[in-house]
Amino acid sequence: MAKRKRLTPAQPGYLGIGAAPETKSMPLGISAAPIAQVAGEASATAALEEVAQTLQDARTEGRMIELLPLDVIDERHLVRDRLVQDEEEMTALTDSLRARGQQMPIEVVLLPDPAGGRTHGLISGWRRLTALRRLSKETSDPKFTTVRAMVIRPETAQESYVAMVEENEIRVNLSHYERARIAVRAMKEGVYPNQRLALQGLYANAARSKRSKIGTFITLVDAFDDTLYFPSAISEKLGLALARELVRDPGFADALKDRLRNTPRDSAGAEMRILADAVAERQPSPAPSTAPPARPRARIAGGERLVMRISDGLELRFIPTQGRIELVGDEVSEELANALQGWLHAR
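Residues numbered from 1 in each chain as written. Predicted model: local features only at pLDDT ≥ 70, side-chain atom pairs only at ≥ 80, totals over all residues. Heavy atoms only, no water.

## Describing the pairing of strand 4 (residues 118–124)
1) Next: In terms of residue burial, strand 4 counts as a mostly covered element, since five of its seven residues are buried.
2) Next: Note: strand 2 (residues 73–74) against strand 4, two bridges, orientation parallel. Looking at strand 4, one finds that Ile73 is bridged to His120.
3) Next: Relative to strand 4, strand 3 (residues 106–115) is paired through five bridges, and the arrangement is antiparallel. Along strand 4, the bridge assignment pairs Glu107 with Ser124.
4) Next: In this structure, the hairpin formed by strand 3 and strand 4 is closed by a connection of two residues, where Gly116 is found at a positive phi of approximately 65 degrees. (Buried < 20%, exposed > 50% of the residue type's maximum accessible area, 1.4 Å probe, protein only. Helix = DSSP H or I, 4+ residues; strand = E, 2+ residues; numbered from the N terminus. Pairing = 2+ DSSP bridges.)

In structure tokens:
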């Protein structure tokens, strides 16, 4: 039988090349990464990049809720539209936050020039932020030292003001004075160039009649904002009446300011009485009626009788069915009869 010759592996040096360095240093039993493994790693990397980009887009578009320390929120970033806060409502909100925690996030904007550790400006959610700060001070509980917030990026200051107004219109209705005041302050901040654009921009979803009334209240804000203690208590009827007087008499504003400063007013009711009295005193007295007195009618056996009171001492009675007129009373005299006879002759 022929003897078989054992075949040996090709020698690397036979082809004039050295051994591959990766095979020389590779530990026993470990081979180079297969194509599937490389493809899997590339896919995982792409997925992570996609997730990171999605999170970044959500943060940029204001769709991500972040947990921020209370101390970094500047509630004075915008001029707030709410002048006073109902204590009963604030107590109810505080109790809800204590029992259930914060359910709805506030809206903030990243400040371009942070100062005093305040990195975010408040857009909407002033009541929730205030309530959380109360709870933090009262309880010292760490869970009340942060606030859930959506960091939005409005393109303009107008969008910031609109977001604040719309949030308060939905949650807690503002008074006409508060609505007018934010329009005035937005104009002073240069957000809107004039009153018409401010009303249209801030209250675009309101009826035209409502915007007109808010515009009327702007007159009150311009005249009395530095004097009134409880302006949000002014009713629509009283506010419109005050505005009419301001237009009718330019001196009315100064006179009313002096009256407010010199009259005690420790409550909203007291201040409203001062305003209402000032309006009432300037209303003209009703002109005496020139209409003839009512003619009472009485039924008699012969038909209907018309009775007219001429004066306290004279009454005229007319019975149409009988063609009869009677004058009755203390003033019936011979002089009256002669005067009546002369008048009849002159007809």
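Further notes follow.
## Considerations on the pairing of strand 9 (residues 324–328)
The side chains of a regular strand alternate, first on one face of the sheet and then on the other.
1) Next: Sheet topology note: the strand 8 (residues 314–319)/strand 9 ladder contains five bridges and is antiparallel. Directly across from Glu315, in strand 9, lies its bridge partner Val328.

## Considerations on a nonpolar patch on the surface
1) Next: A cluster of nonpolar residues, Leu327, Val332, Leu340, Trp343 and Leu344, forms a patch on the protein surface that exposes about 440 Å² of accessible area.
2) Next: Per-element tally for the nonpolar patch: the top contributor is helix 12 (residues 334–346), with three residues.
3) Next: If you trace the backbone, Leu344 turns up in helix 12.
4) Next: With a relative accessible area of 45%, Leu344 lands in the partly exposed category. (Patch = residues over 30% accessible without salt bridge, like charges linked within 9 Å, V, L, I, M, F, W, Y side chains within 5 Å. Areas by Shrake-Rupley, 256 points an atom, 1.4 Å probe, with all protein chains shown as cover. Salt bridge = Lys/Arg side-chain N within 4 Å of Asp/Glu carboxyl O.)

## Brief notes about the pattern of salt bridges
1) Next: In the structure shown here, the tally under the stated rule is 14 salt bridges.
2) Next: The residue Glu236 makes a salt bridge to Lys213 at a minimum N-O spacing of 2.8 Å. Of the two residues, Glu236 is situated in helix 9 (residues 236–248) and Lys213 in helix 8 (residues 208–224); the sequence distance between them amounts to 23 residues.
3) Next: For Lys213, a relative accessible area of 28% puts it in the partly exposed group.
4) Next: The closest approach of N and O atoms between Arg265 and Glu271, which form a salt bridge, is 2.5 Å. A single burial state applies to Arg265 and to Glu271, both of which are buried.
5) Next: The structure contains a network of salt bridges with shared partners spanning Glu245, Arg248, Asp249 and Arg282.

Remember that the coordinates give geometry; whether it matters functionally is a separate question.
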